[in-house]
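Fold and contact review
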Amino acid sequence: VDAVLAVDIGGTKLAAALVTPDGAVRARRTVPTAVGGERDPADALFGQLAALVEAVVADAPAAGLRPIVCGVGCGGPMTPGGDEVSPINIAAWRGFPLRGRLADHTRLPTFVDNDAKALALGEGWRGAAAGVRDYVGMVVSTGVGGGIVLDGRLLDGAGGNAGHIGHIIVVPGGRRCGCGADGCVEAEASGTAIAAITGRPAADAGPEIVARTGRLIGLAVGSVANLLDLRLAVVAGSVALGFGDPFFAAAQAQLDATCRISFARGAVVRPAGLGELGPLVGAAAVGWRGLGRHVEIG
Ligand SMILES: [Zn+2]
């Protein structure tokens, strides 16, 4: 059976697996993301990734699978197609030629996209947005990212950055964001922001912060729903899923208050459905999409 070699590159861990055409994840392996010390940390990290990928590919015959394409989700920013990546949370890679290096190493057609866009795509393929043609997928963890599927297609935008919901302003004149603006979602509702506001890790936040964070997310997705004529937001990420029901209740209440225009009324925000497999399923969807195979959404 043909499969995608799916790769998820994060600041704390690297993950790879083989993903079948119906979205089953096989031969999954993870390693912690290397931390400095080497003479060339960029190459050291790539060597670690290459070894991980080789180990997964070596498991393919026993699983009855044949990798035919490589799909990758990676933190941004990046140039379109992931030809050069500079993930904010991976200091070793600045302008790193990820797509070309992986393609050379795997000898597979290789497609790279932003990890939040990948996750959004995967949620529509096999997760909480399955069967829905118009939705926004969001990740609320250390940072805040997202991707938008409209008319069944993932939006790319001029530079490949469409769906970057973390920089919608939800608190005019609010906290300074890493992007330079004030009051972005990321500056007010990310794990990093919550820790800065409360002086404690986001996981220790009290009910007021949980509710405030939910309201801000509801405000952001409500604006997106009004703008783009969509009625579903799926939210992943350690902060959102860790906060759980009270967070989603606050987000839904704010969404109800924000989406008053007829076509957006009744918009729903719900937790992502793929859990820890979301990033790899999303990376696989990037691979299938790159090959031009239709990833069935809606
Ligand atoms: Zn910003």
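Everything in this summary refers to the structure shown in the same document. Computed from a predicted model, the values in this text were never measured in an experiment.

Quick look at the coordination of the zinc ion now. The protein atoms that coordinate the zinc ion are His167 (ND1), Cys177 (SG), Cys179 (SG) and Cys184 (SG), at distances spanning 2.0 to 2.4 Å. Metal-centred angles of 105 to 119° between the 4 donor atoms at the zinc ion mark the site as tetrahedral. When the donors of the zinc ion are listed by position in the chain, the intervening gaps give H-x9-C-x1-C-x4-C. Pair noted here: His167 is in the loop between strand E8 (153–154) and helix H5 (185–189) and Cys177 is in the loop between E8 and H5, with a separation of 10 residues, a long-range link.

Running from N to C, helix H6 (residues 191–198) and helix H7 (residues 207–228) point in directions that differ by 140°, and their axes come no closer than 12 Å. Here H6 is positioned oblique relative to H7, judged by the angle of their axes. Between H6 and H7 the crossing geometry is right-handed. For the pair H6 and H7, the contacting residues are Ile194, Ile197 and Thr198 in the first and Ile209, Arg212 and Thr213 in the second. Here the residues of the contact of H6 with H7 are counted per class, giving 3 nonpolar, 2 polar and 1 charged.

Where burial is concerned, most of strand E9 (residues 232–236) is hidden: 5 out of the 5 residues are buried. The alternating pattern of E9 places Leu232, Val234 and Ala236 on one face and Ala233 and Val235 on the opposite face, and all of these are buried. As paired elements, strand E6 (residues 135–140) and E9 share 4 bridges and run parallel to each other. Note that in E9 the partner of Met138 across the bridge is Val235. Here 4 bridges tie E9 to strand E10 (residues 268–271), and the two strands are oriented parallel to one another.

A full pass over the atoms with the stated rule returns 12 salt bridges. Across the salt bridge formed by Arg101 and Asp43, the nearest N and O atoms sit 3.2 Å from each other. Taken together, the residues span a long stretch of sequence, with Arg101 in helix H3 (residues 98–106) and Asp43 in helix H1 (residues 41–58) at a distance of 58 residues. Given a relative accessible area of 28%, Arg101 falls into the partly exposed group. Across the pair Asp156 and Lys117 runs a salt bridge, and its minimum N-O distance is 2.9 Å.

This part is about the sheet that holds E8. Spatial strand order, E8-E7-E6-E9-E10: 5 strands in an open sheet with mixed pairing. The outermost strands of the open sheet, each flanked by one partner alone, are E8 and E10. Pairing geometry for E6 and strand E7 (residues 144–150), over 6 bridges, is antiparallel. Opposite Gly137, over in E7, you have Gly147 as the bridge partner. Sitting on the sheet, helix H4 (residues 115–126) touches E6, E7, E8 and E9, and the angle it makes with E6 is about 130°. Relative to the sheet, H7 contacts E6, E7 and E9, its axis offset from that of E6 by approximately 155°.

Here H4 crosses helix H10 (residues 278–291) at 90°, and the two axes come no closer than 7 Å. On the basis of their axis angle, the class for H4 and H10 is roughly perpendicular. Contacts between H4 and H10 involve Ala118, Leu119, Leu121, Gly122, Trp125 and Arg126 on the former and, on the latter, Gly278, Pro279, Val281, Gly282, Ala283, Ala284, Ala285, Val286, Trp288 and Arg289. Residue composition of the contact of H4 with H10, grouped by class: 11 nonpolar, 3 polar and 2 charged.

So, on to the side chain of Glu123. Within the secondary structure, Glu123 is located in helix H4. No salt bridge is formed by the buried Glu123, whose closest oppositely charged neighbour, Arg270, lies at an N-O distance of 7.9 Å. Apart from residues lying up to four places away in sequence, Glu123 is in contact with Ala128, Ala129, Ala130, Tyr135, Val234, Ala272, Gly273 and Leu274.

The next thing to look at is helix H9 (residues 245–258). Given a rise of 1.5 Å per residue, 14 residues ought to cover 20 Å, and the 20 Å separating the end C-alpha atoms of H9 matches this to within 8%. Burial in H9 covers these residues: Phe247, Phe248, Ala250, Ala251, Gln252, Leu255 and Thr258. Turning to H9, the residues buried within the fold contact H7, E9, helix H8 (238–243) and E10.

Reading the values: rules and limits
Sequence positions are assigned chain by chain, starting from 1 and proceeding in written order. Restriction of local features to residues with pLDDT of at least 70 applies here, the model being predicted, together with a cutoff of 80 or more for giving and counting side-chain atom pairs; totals for whole chains, interfaces and linings are based on all residues. Based on all heavy atoms of the structure, the side-chain values leave hydrogens and waters out of the count. Listed donors are limited to N, O and S atoms within 2.8 Å of the metal, widened to 3.2 Å for Na, K and Ca; water is not among them, so incomplete-looking sites are possible. When four donors show all angles between 85 and 135 degrees the site is tetrahedral, when four or six donors have opposite pairs over 155 degrees and all other angles between 65 and 115 it is square planar or octahedral respectively, and in every other case it is irregular. Here a strand is any run of E in DSSP of at least two residues, a helix any run of H or I of at least four, and the numbering for each starts at the N terminus. Helix axes use the C-alpha atoms of the stretch in contact, all axes being lines fitted to C-alpha atoms, and the angles between their N-to-C directions lie in the range 0 to 180 degrees. Each angle gets one of four labels, with under 35 degrees taken as roughly parallel, over 145 as roughly antiparallel, 65 to 115 as roughly perpendicular, and the rest as oblique. We call a crossing left-handed when the near helix sits turned anticlockwise from the far one by less than a right angle, and right-handed when that turn is clockwise. Contact definition: two residues touch when any of their heavy atoms are within 4.5 Å. Polarity classes work like this: nonpolar for Ala, Val, Leu, Ile, Met, Phe, Trp, Tyr, Cys and Pro, charged for Asp, Glu, Lys and Arg, and polar for all others, with Gly in that last group. Relative accessibility thresholds used throughout: buried, under 20% of the residue-type maximum; exposed, over 50%; partly exposed, between the two (1.4 Å probe, protein chains only). Strand pairing is defined by DSSP finding a minimum of two bridges between the two strands. The rule for a salt bridge is simple: a side-chain nitrogen of Lys or Arg has to be within 4 Å of a carboxyl oxygen of Asp or Glu. Charge convention: Lys and Arg are scored as positive, Asp and Glu as negative, and His as well as the terminal groups of each chain are ignored. Multiplying 1.5 Å by the helix residue count minus one yields the expected span of that helix.

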